[in-house]
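# Observations on the model geometry
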Amino acid sequence: MKILIVSDTHRKDDNLKWVLKEEAPLDMMIHLGDAEGSEVEIPKWVNEGCEIVMVRGNNDFFSSLEREIELELGPHRIFLTHGHYYNVSLGVETLEQEAIERGCDIAMYGHTHRPYLEIGDQVTILNPGSLSYPRQEGRRPSYMIMDMEDDGRVHFHTYYL
């Protein structure tokens, strides 16, 4: 299963459209918030059969998207959030604890516009960064691909434009 993970596109969608075309076919796309209205358009851009899962970010003021989602994929329980309610700009400790309390072994967040991947003993925590307004050194737009094998093993890859 091939899963595209993005965040913080802020309605500046050219890079997202390029990535969707480049990475197709996808089984799923996860958007971790701050689409700013593009959630209505994204279904038109993905390949047929691609499931879309999106959460609301701190800039999605009028969105009807869920604030958080717990997703089950194979043997994994995944916690999806934008992250601002867990002070992720200061660190991932609160987010990690929330994931553990929810029985999740993977936590995905956005908000910081910086890619992050920590494979811990109890929880894997990741942030794909931003395709539109990257803030890490070098400021290259980024996204992640999560590959899940038939036996449930997962591999994460960070890509930069």
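What counts, and at which threshold
Residues numbered from 1 in each chain as written. Predicted model: local features only at pLDDT ≥ 70, side-chain atom pairs only at ≥ 80, totals over all residues. Heavy atoms only, no water. Helix = DSSP H or I, 4+ residues; strand = E, 2+ residues; numbered from the N terminus. Contact = heavy atoms within 4.5 Å. Pairing = 2+ DSSP bridges. Axes fitted to C-alpha atoms, helices over the stretch in contact; angles between N-to-C directions. Core = buried A, V, L, I, M, F, W, Y, C linked by side-chain atoms within 4.5 Å. Buried < 20%, exposed > 50% of the residue type's maximum accessible area, 1.4 Å probe, protein only. Salt bridge = Lys/Arg side-chain N within 4 Å of Asp/Glu carboxyl O.

## Quick notes on the environment of Met54
Its place among the elements puts Met54 in strand β3 (residues 51-54). Taking C-alpha positions, Met54 is 9.3 Å from Ser7, a pair spaced 47 residues apart along the chain. In this view, Met54 contacts His31, Ala35, Glu39, Ile42, Leu65, Glu66 and Ile69; residues no more than four positions away in its chain are not counted.

## Description of the sheet that holds strand β8 (residues 124-128)
Strand pairing in a sheet is mediated by backbone hydrogen bonds. Such pairs are either parallel or antiparallel. Spatially, β4-β5-β6-β8-β7 is the arrangement adopted by the 5 strands of the open sheet, whose pairing is mixed. At either margin of the open sheet sits one strand with a lone partner, and together these are β4 (68-73) and β7 (115-119). If you compare each strand with its neighbour and ignore which way they point, the axes differ by 20 degrees on average. In this sheet, β8 lies alongside β7 in antiparallel orientation, the contact comprising 5 bridges. Considered in β8, the bridge of Leu117 is made with Leu126. Sheet strands touched by helix α3 (residues 93-101): β5 (76-81), β6 (106-108), β7 and β8. Its angle to β5, the strand with the most contacts, is close to 135 degrees.

## Looking at the nonpolar core
Counting residues in each nonpolar core, the largest one holds 19 residues, and the members touching the most others are Ile5, Ile30, Leu71, Ile78, Leu80, Met108 and Met146. When contributions to this core are tallied by element, the ones reaching two or more residues are β1 (2-6), β2 (28-31), β4, β5, β6 and β9 (142-148). If sequence neighbours within four positions are ignored, Ile5 has contacts with Ile30, Leu32, Met108, Leu126, Pro128, Tyr143, Met144 and Met146. Ranked by size, the runner-up nonpolar core spans 16 residues in total, among them Leu16, Leu65, Leu131 and Ile145.

## Some points on the environment of Ile52
By the element assignment, Ile52 lies in strand β3. Judged by its relative accessible area of 28%, Ile52 falls in the partly exposed class. Once the C-alpha coordinates of Ile52 and Glu39 are considered, the two residues, 13 residues apart in sequence, prove to be 9.4 Å apart. Other than its neighbours up to four places away in sequence, Ile52 contacts Met29, Ile42, Pro43 and Val46.

## Let's talk about the side chain of Thr9
Counting through the fold element by element, Thr9 comes out in the loop between β1 and α1 (14-23). Judged by its relative accessible area of 0%, Thr9 falls in the buried class. Residue contacts for Thr9: discarding those within four places in its chain leaves Leu16, His31, Asp34, Ala35, Leu131 and Ser132.

## Here's the deal with the sheet that holds strand β10 (residues 154-160)
In spatial order, the strands read β3-β2-β1-β9-β10; together these 5 strands make up an open sheet with mixed pairing. Each edge of the sheet is formed by a strand with only one pairing partner; in this case those strands are β3 and β10. Pairs of neighbouring strands in the sheet enclose a mean axial angle of 20 degrees, with direction left out of account. Across the sheet, α1 is in contact with β1, β2, β9 and β10; its angle to β1 comes to roughly 170 degrees.

## A word on the pattern of salt bridges
Using the criterion set out here, one finds 10 salt bridges in the structure. The shortest N-O distance in the salt bridge between Glu70 and Arg77 comes to 2.2 Å. Residues Arg102 and Glu70 are paired through a salt bridge, measuring 2.5 Å at the closest nitrogen-oxygen approach. Of the two residues, Arg102 is situated in the loop between α3 and β6 and Glu70 in strand β4; the sequence distance between them amounts to 32 residues. Owing to a relative accessible area of 25%, Arg102 belongs among the partly exposed residues under this scheme. According to the relative accessible area criterion, Glu70 is partly exposed, its value standing at 31%.

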